[in-house]
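Spelled out from the first residue to the last, the chains are:
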Amino acid sequence: MAFAWKAAGLTYNRYLAVASRVVRRSLKEEKRIAAERRGEMDLRFAKWQNGKQGEVKQLSTANEAAMAEHASGSSS
Amino acid sequence: MLSRAARPALRAGAAAAAARPAALNATNAATYATLREIEGRLKSIRNIEKITKTMKIVASTKLTRAQKAMTESRTYGQTSNTVFENAETKPLEGEGKKTLVVVCSSDKGLCGGIHSGMSRKTRRMLAEKPDLDLVILGEKCKAQLGRSNGKNIVLSFAGIGKDVPTFADAAAIADQITMLPTDYTSIQIIYNKFVNATSYDPVTVEAFSEEAIAASPNFAAFEIEDDTLSNLREYALSNALFWALAEGHACEQSARRNAMDNASKNAGDMINKYQILFNRTRQAVITGELVEIITGAAASEEG
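Thresholds, definitions, all that
- Residues numbered from 1 in each chain as written.
- Chains lettered and ligands numbered in written order.
- Predicted model: local features only at pLDDT ≥ 70, side-chain atom pairs only at ≥ 80, totals over all residues.
- Heavy atoms only, no water.
- Helix = DSSP H or I, 4+ residues; strand = E, 2+ residues; numbered from the N terminus.
- Buried < 20%, exposed > 50% of the residue type's maximum accessible area, 1.4 Å probe, protein only.
- Contact = heavy atoms within 4.5 Å.
- Areas by Shrake-Rupley, 256 points an atom, 1.4 Å probe, with all protein chains shown as cover.
- Lys, Arg positive; Asp, Glu negative; His and termini not counted.
- Charge placed at Lys NZ, Arg CZ, Asp CG, Glu CD.
- Buried area = accessible area lost by both parts, 1.4 Å probe.
- Salt bridge = Lys/Arg side-chain N within 4 Å of Asp/Glu carboxyl O.
- Polar contact = N/O pair within 3.5 Å; in protein donor to acceptor, adjacent residues only side chain to side chain.
- Nonpolar A, V, L, I, M, F, W, Y, C, P; charged D, E, K, R; others polar.
- Pairing = 2+ DSSP bridges.
- Disulfide = S-S within 2.5 Å.
- pLDDT = per-residue confidence, 0-100.
- Phe/Tyr/Trp six-rings, centres within 6.5 Å; stacked < 30°, edge-to-face > 60°.
- Core = buried A, V, L, I, M, F, W, Y, C linked by side-chain atoms within 4.5 Å.
- Axes fitted to C-alpha atoms, helices over the stretch in contact; angles between N-to-C directions.

Right, let's talk about the overall build of chain A for a bit. A tally of regular secondary structure across chain A gives four helices and two strands. Mapped in sequence order, the helices and strands of chain A form the string α-α-α-β-β-α. Structurally, chain A occupies a C-alpha span of about 50 × 35 × 15 Å along its principal axes. Burial status across chain A gives 22% buried among its 76 residues. Across chain A, every contact between residues at least 6 apart in sequence was considered, and the portion connecting residues at least 24 apart equals 22%. By element, 54% of the accessible surface of chain A is carried by carbon and sulfur atoms, the whole surface being about 5,300 Å². Chain A carries 14 positive and 8 negative side-chain charges, and their two centres are separated by 5 Å.

Given below as structure tokens:
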């Protein structure tokens, strides 16, 4: 069984996030606002090397970039 | 300047009874100064009490929400754990395989020793197994462990603990962890277990690797195809993370509430002490002035 989203480089969690975002956005206005708050994510992260903290980056953009890279890497 | 000015008042506060004769003996100018100092300190302590009281109320309201989120998230964690319990999954015992430790703290302090409790637990684990890799969620534990065990840290996350953690947070962290280049046989998540409103325990929860799941004795009962196995593992990891984050958040709020409650109590005690000292000093000054007037009057009558 092959998954289309797996071929696109998405992880299962990312796939879940996208799917749930779609569901949340299609809700009615008053429920949608409450529901969309549950999908918010505003984290920053940093990679460490040899005991030194690297650059602090936004997690969401970094995740997207990493998955895009993963996708192009697997397709080529 | 400020610390020097505050010192006599502090000393006086520490030994209120002993300070009384000293205040009487002191010259008038000095007594007025301490009176004003004590007043200033009283004011600042009152302000601190107001702040800690407000923070306590804020933490209390946040705590009810956090506890609700915790009970909800427990379902996620326990449901995903049921799978592994039924499959009798055990962590693989292998040499040369790395273990990843995820420490779930938060960004904010002023909540007693829950962050340092977790750092201590991590250090204990590091003492047993020095080649662990660390992923740290939250600034507090990052600052504590970054100083002592900076070499073990591979990732750190910030921005946790502003609000009740969402599943999106957990999923994004799980993604970043799965994308780490090293292959970990087991991932251990350290979080504060909520025992009751006043006690928490740093405990670990295990998230298994693909091989460990595949090698579990009862695994065949679930009829999982090989392709979906990695999905299950990713999902289980984010479930466990979500659970740990929510429970840690609830612990933090409850710890903050207790810390602020104690701080308000202490401030109240100090206010009482300083109020008594203030009144005594004021009376001493008045008595001193009266004595002076009477002696002056008596002297001028004689002359």
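Moving on, there is more to tell.
Moving on: the interface of chain B and chain A. Counting from both sides, the interface comprises 33 residues of chain B and, opposite them, 29 residues of chain A. Together chain B and chain A conceal approximately 2,500 Å² of surface at their shared face, both sides included; 53% is due to carbon and sulfur atoms. At the junction of chain B with chain A, the criterion picks out zero salt bridges. Applying the counting rule to chain B against chain A returns twelve residue pairs in polar contact (both at pLDDT 80 or more). Elements that contribute at least two residues to the side of chain B that touches chain A include exactly α5 (139–149), β3 (153–158), α6 (167–178) and α8 (226–302) of chain B. Of the residues contributing to the side of chain B that touches chain A, the split by class is 14 nonpolar, ten polar and nine charged. Across four bridges, strand β1 (residues 44–49) of chain A lies against β3 of chain B in antiparallel orientation. The residue bridging Ala 46 of chain A from the neighbouring strand is Ser 156 of chain B, located in β3 of chain B.

Residue and element names in this part refer to chain B. In this structure the tally under the stated criterion is zero disulfides over all chains. Of all cysteine sulfurs in the structure, the one in Cys 141 sits closest to Cys 104, which takes part in no disulfide; the separation is 9.4 Å. In this structure Cys 104 comes out as buried when scored by relative accessible area, which is 4%. By relative accessible area, Cys 141 is classed as buried at 0%.

Let us now look at the confidence of the model for chain B. Residue and element names in this part refer to chain B. For chain B, per-residue confidence averages 84 on the pLDDT scale, and residues scoring 70 or more make up 87% of the total. Taken together, the stretch residues 1–28 has pLDDT below 50 and engages in 21 contacts with residues farther than four places along the chain or on a different chain. In the model output, the complex is listed with pTM 0.82 alongside ipTM 0.86.

Quick look at the packing of aromatic side chains now. Tallied over the full model, the rule gives eleven aromatic pairs over all chains. Centre to centre, the rings of Tyr 12 of chain A and Tyr 15 of chain A are 6.1 Å apart; their planes meet at 40°, and the pair counts as tilted. Here Tyr 12 of chain A pairs with Tyr 15 of chain A, and both are found in helix α2 (residues 12–25), just three residues apart, close to one helical turn. Looking at Tyr 15 of chain A, the relative accessible area reads 33%, which means it is partly exposed. Through a chain of ring-to-ring contacts, the aromatic side chains of Trp 5, Tyr 12 and Tyr 15 of chain A together with Tyr 76, Phe 167, Tyr 235 and Phe 242 of chain B assemble into a single cluster.

Of note, Lys 47 of chain A is situated in strand β1. Spatially, the C-alpha atoms of Lys 47 of chain A and Lys 57 of chain A are 9.0 Å apart, while their sequence positions differ by ten residues. With near-sequence residues (within four places) excluded, Lys 47 of chain A lies in contact with Lys 52, Gln 53, Gly 54 and Glu 55 of chain A together with Val 154, Leu 155 and Gln 176 of chain B.

What follows concerns the nonpolar core. Core analysis: the biggest nonpolar cluster contains 34 residues, and Val 135, Leu 137, Ile 177, Ile 189 and Leu 241 of chain B have the highest contact counts within it. Secondary structure elements with two or more residues in this core: α4 (59–75) of chain A together with β1 (98–104), β2 (133–137), β3, α6, β4 (184–196), β5 (199–208) and α8 of chain B. Not counting the four nearest positions on each side in its chain, Ile 189 of chain B is found in contact with Val 102, Cys 104, Val 203, Thr 204, Val 205, Leu 237, Ala 240, Leu 241 and Ala 244 of chain B. In terms of nonpolar packing, the next biggest core, distinct from the first, is built from 13 residues, Val 101, Leu 134, Ile 136 and Cys 141 of chain B among them.

With that settled, the discussion passes to the confidence of the model for chain A. The predicted model of chain A averages 81 in pLDDT, with 91% of residues at 70 or higher. Put simply, α4 of chain A is where chain A has its lowest mean pLDDT, 75, and α2 of chain A is where it has its highest, 89.

This part takes up the pairing of β1 of chain B. In the case of a regular strand, side chains alternate between the two sheet surfaces. Residues and elements named next belong to chain B. A large share of β1 lies buried, amounting to six of its seven residues. In terms of strand pairing, β1 meets β4 through six bridges, oriented parallel. Bridge pairing in β4 places Leu 100 opposite Ile 187. Two elements, β1 and β2, share five bridges in a ladder whose sense is parallel. What sits directly across from Val 101, in β2, is Leu 134.

Here the focus is the sheet that holds β5 of chain B. Each strand in a sheet pairs with another by means of backbone hydrogen bonds, the pair being arranged parallel or else antiparallel. In space, the seven strands of this open sheet follow the order β2(A)-β1(A)-β3(B)-β2(B)-β1(B)-β4(B)-β5(B), with mixed pairing throughout. Because the sheet does not close on itself, it has two edges, and the strands there are β2 (52–58) of chain A together with β5 of chain B. The sheet shows a mean angle of 20° between the axes of neighbouring strands, direction not considered. In terms of strand pairing, β1 of chain A meets β2 of chain A through five bridges, oriented antiparallel. Looking at the pairing, Ala 46 of chain A lines up with Val 56 of chain A of β2 of chain A. Against the sheet, helix α4 (residues 114–128) of chain B makes contact with β1, β2, β4 and β5 of chain B, and its axis sits at roughly 145° relative to β4 of chain B, the strand it touches most. Sheet strands in contact with α6 of chain B are β1 of chain A together with β1, β2, β3 and β4 of chain B, and its direction is about 160° off that of β3 of chain B.

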